[in-house]
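Here's the letter readout for the chains.
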Amino acid sequence: MTMHARRASVPRHIPAGASTSGDGIVVGAGPVTIDVYVDFLCPFCRRFEETAGPTLHAMVDDGLATVVYHPMAFLDELSANAYSSRASASSGCASDGGAFVEYAEALFANQPPEGGPGLTDDELAEIGRLVGLDGPAFGRCVHAHTYLDWAAYVTAMAMERGVSGTPTVLVEDVPVPANLRTITSAVAAAAR
């Protein structure tokens with residue numbers, strides 16, 4: 001994403017399950033909010049999802065936390081086909097289908113290498129089918145790039161908030177290192 005997108009303009013389409021500000025997907029309804037900024041092309045984000053994801057999901061399931069995922073399009077220049085933007089946009093389609101978390105996990109599991117072509121729209125749609133998004137609406141949404149302007153908005157809003165890399169984690173709006181021990185401690189402290 002180039003730096004010229006300074007003021008984020010509200011996109012025409014915002015996915016189901018989006019935060020009030022429209023720049024993230026809300027998972028859960030616990031009292032402590034954890035904001036997670038990721039890029040589906042970022043290898044560090046994949047590692048973060050593999051190590052911290054299960055605990056974050058358990059915190060949501062146990063009613064301890066709300067996780068707001070901000071799928072950024074930060075690394076478009078590291079693919080030949082704007083993969084970060086298209087993957088972020090397709091995650092919005094998955095949110096419409098009620099399977100954002102499952103789809104995000106599958107995107108990380110099938111992450112293409114940086115510097116390569118990235119996955120095609122057909123491959124993004126197929127990953128959705130693998131997680132149960134097998135109706136025609138999901139594939140249409142992915143191929144139409146319905147949420148491409150939303151991906152740009154999420155990224156611009158993150159940059160306005162000072163997010164300069166992924167993964168970035170905030171607990172109750174306070175930046176914390178993106179490691180499980182620190183996040184768990186911050187959530188416990190915020191819950192007191």
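Each remark here, short or long, concerns the structure printed above.
Small disclaimer: the values here were computed from a predicted structure and weren't measured. Going along each chain's sequence as written, the residues are numbered from 1 onward. Given that this is a predicted model, residues contribute local features only at a pLDDT of at least 70 and side-chain atom pairs are listed and counted only at 80 or more, while totals for whole chains, interfaces and linings are drawn from all residues. Derived side-chain values reflect all non-hydrogen atoms in the structure, with water molecules and hydrogen atoms excluded from consideration.

**Q** Can you walk me through the side chain of Asp121 in this structure?
**A** Per the convention used, a helix needs a DSSP run of H or I reaching at least four residues, while a strand needs a run of E reaching at least two, with both numbered from the N terminus. Position of Asp121 among the secondary structure elements: in helix 4 (residues 121–130). Exposure remark for Asp121: the relative accessible area of 16% places this residue in the buried category. Working rule for contacts: check all heavy atoms of both residues, and any pair within 4.5 Å makes them a contact. Setting aside anything within four residues of it in sequence, one finds Asp121 in contact with Arg86, Val142, His143 and His145. Only protein chains enter the calculation, and the probe is 1.4 Å; a residue is then buried if its accessible area is under 20% of its type maximum, exposed if over 50%, and partly exposed in between.

**Q** Would you mind going over the sheet that holds strand 5 (residues 174–176) with me for this structure?
**A** Strand-to-strand pairing in sheets goes through backbone hydrogen bonds, with the strands running parallel or antiparallel. Pairing is mixed in the open sheet, where 5 strands are placed in the order 1-3-2-4-5. Looking at strand neighbours, the two that pair on one side only are strand 1 (25–27) and strand 5, the edges of this open sheet. For this sheet, the mean inter-axis angle between neighbouring strands, taken without regard to orientation, is 25°. Strands qualify as paired when DSSP identifies two bridges or more between them. Note that strand 4 (residues 168–171) and strand 5 share 3 bridges and pair antiparallel. Residue Val169 lies in a different strand from strand 5, and its bridge partner there is Val176. Lines fitted to the C-alpha atoms define the axes, with helices restricted to the stretch that makes contact. Angles between their N-to-C directions range from 0 to 180 degrees.

**Q** Would you take a moment to explain the packing of helix 1 (residues 43–61) against helix 7 (residues 180–191) for this structure?
**A** Each pair of packed helices can be described by the angle between their axes along with the distance between the axes. Where helix 1 meets helix 7, the closest approach of the two axes is 10 Å, and the angle between their N-to-C directions is 20°. It follows from the interaxial angle that helix 1 and helix 7 lie roughly parallel. Here helix 1 and helix 7 pass one another in a crossing that is right-handed. Residue-level contacts link Phe48, Thr51, Ala52, Thr55, Leu56 and Met59 of helix 1 to Leu180, Ile183, Thr184 and Val187 of helix 7. The cut-offs work like this: below 35 degrees is roughly parallel, past 145 is roughly antiparallel, 65 to 115 is roughly perpendicular, and the gaps in between are oblique. Each crossing is labelled by how the near helix is turned from the far one, with a counterclockwise turn of less than a right angle marking it left-handed and a clockwise turn marking it right-handed.

**Q** Mind showing me how you'd approach helix 6 (residues 148–160) here?
**A** What sets the pattern is the α-helix's 3.6 residues per turn: residues three or four places apart point alike. In this analysis, the expected span of each helix is defined as 1.5 Å times one less than the number of residues it contains. Between its first and last C-alpha, helix 6 extends 19 Å over 13 residues, near the 18 Å set by a 1.5 Å rise per residue. Within the sequence span of helix 6, burial applies to Trp150, Ala151, Tyr153, Val154, Thr155, Ala156, Met157, Ala158 and Met159. Elements in contact with the buried residues of helix 6: strand 1, strand 2 (32–38), strand 3 (65–71) and helix 2 (83–96). Positive phi shows up at Gly162, right after helix 6, with a value of about 95°.

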